[in-house]
Amino acid sequence: MKFNLLAILLFFIGELLLAQISPPGLGRANTANWLAFGIRQELDTIRDKGWQSMTYIGMGRKSNPDNQNPLYKPGIFVLNQEFYHQFHHNWQYSLALSYRRQNEYLDTPPYKDNTPNMQQEFRLYGRFSYILKSPRVKLVPTLRQDFRKYYTTNFKNTNEIFQVRSRLRLQVTINLDRKKSHRIIASSEQLFSSTELSGSNKLGNFNYKESRFLLYYSYSPQTIPLIVNIGYMNNLVGQQKFYDVHYLAFDIMLENPFKLKQR
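Residues numbered from 1 in each chain as written. Predicted model: local features only at pLDDT ≥ 70, side-chain atom pairs only at ≥ 80, totals over all residues. Heavy atoms only, no water.

## Considering the pairing of strand β7 (residues 137–151)
Item 1. Looking at chain direction, strand β5 (residues 113–130) and β7 are connected through ten bridges and run antiparallel. Its bridge partner being in β7, Arg123 is matched across the sheet by Arg148.
Item 2. Where strand β6 (residues 132–133) meets β7, two bridges bridge the pair, whose relative direction is antiparallel. Bridge pairing in β7 links Leu132 to Leu139.
Item 3. The hairpin formed by β6 and β7 contains three residues between the paired strands.
Item 4. By the bridge criterion, 13 bridges tie β7 to strand β8 (residues 160–175) in an arrangement that is antiparallel. Looking at the pairing, Arg148 lines up with Gln163 of β8. (Pairing = 2+ DSSP bridges. Helix = DSSP H or I, 4+ residues; strand = E, 2+ residues; numbered from the N terminus.)

## So, the nonpolar core
Buried together is how nonpolar side chains tend to be arranged in soluble globular proteins.
Item 1. Ranked by size, the top nonpolar core spans 22 residues in total, and within it Ile21, Trp34, Met54, Tyr56, Val245 and Tyr247 carry the most contacts.
Item 2. Elements with a contribution of two residues or more to this core: β1 (31–42), β2 (51–62), β3 (73–85), β10 (207–219), β11 (226–238) and β12 (242–255).
Item 3. The leading source of residues in this core is β12, at five residues.
Item 4. Here Ile21 is in contact with Trp34, Ala36, Phe37, Gly38, Met54, Tyr56, Tyr216, Asp251 and Met253, once residues within four sequence places are set aside. (Core = buried A, V, L, I, M, F, W, Y, C linked by side-chain atoms within 4.5 Å. Buried < 20%, exposed > 50% of the residue type's maximum accessible area, 1.4 Å probe, protein only. Contact = heavy atoms within 4.5 Å.)

## Comments concerning the pattern of salt bridges
Item 1. Applying the stated criterion across every chain yields a total of ten salt bridges.
Item 2. Across the pair Glu121 and Arg123 runs a salt bridge, and its minimum N-O distance is 2.6 Å. In terms of burial, Glu121 and Arg123 fall into one category: buried.
Item 3. Between Arg123 and Asp146 there is a salt bridge whose closest N-O contact spans 3.8 Å. Taken together, the residues Arg123 in strand β5 and Asp146 in strand β7 connect sequence positions 23 residues apart.
Item 4. A relative accessible area of 0% means that Asp146 is categorised as buried.
Item 5. Residues joined by salt bridges that share partners form a network here, namely Glu121, Arg123, Arg144, Asp146, Arg148, Arg165, Arg167 and Glu189. (Salt bridge = Lys/Arg side-chain N within 4 Å of Asp/Glu carboxyl O.)

Right, here's the structure in full:
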């Protein structure tokens, strides 16, 4: 009951913020860390204005479920490319392709490598967002749809063959100064999915799986085209029987490094 009330509360106070790269889920652990570097580029040469490209690479590590060291063992490598189009003052959509290489571990002590010990994932996803903003606050509810295909390192099917996942996210950004150099970002995201397992030949039931609650501080200096983000994420996985993982996240975003000529 307390969990449900917390999820509902954070969902309704929680933007798809292009300059903040949220951590991916890393499975069972106590603590984890996430480091990412990205480039965001305005695509002003495209006839229909409002297009942006967002490219990033990221790496995550995590602890065992029985220790607290977020650097204890490898977690994931991510390469992501996304294109955004804000076609109206209040509306935005995006399309993306992502490659992920995630380490797999047993859920029982001593939490050794699983067999296979690595999983590859190719992900295609899209977002649709409605933007509400004032000079001080920006609020954006977002619906995201993921299509995920899994492989072993030699491109054979894993036990989880394919997954369809829907994500509901609400994020609020609060500007702390008039120049918008300092910001606080809070968000809540709920994830629902259906998975096709090996041998089943059909997708399973579509159910709630997890929630992710984030709190970030963001700094963008006026003289340098950079955005620096440092934050915390709580990943709450499961329903009646659940576990949570505490993430420390840090990312740097380079803005518009390429000067594009107008048509």
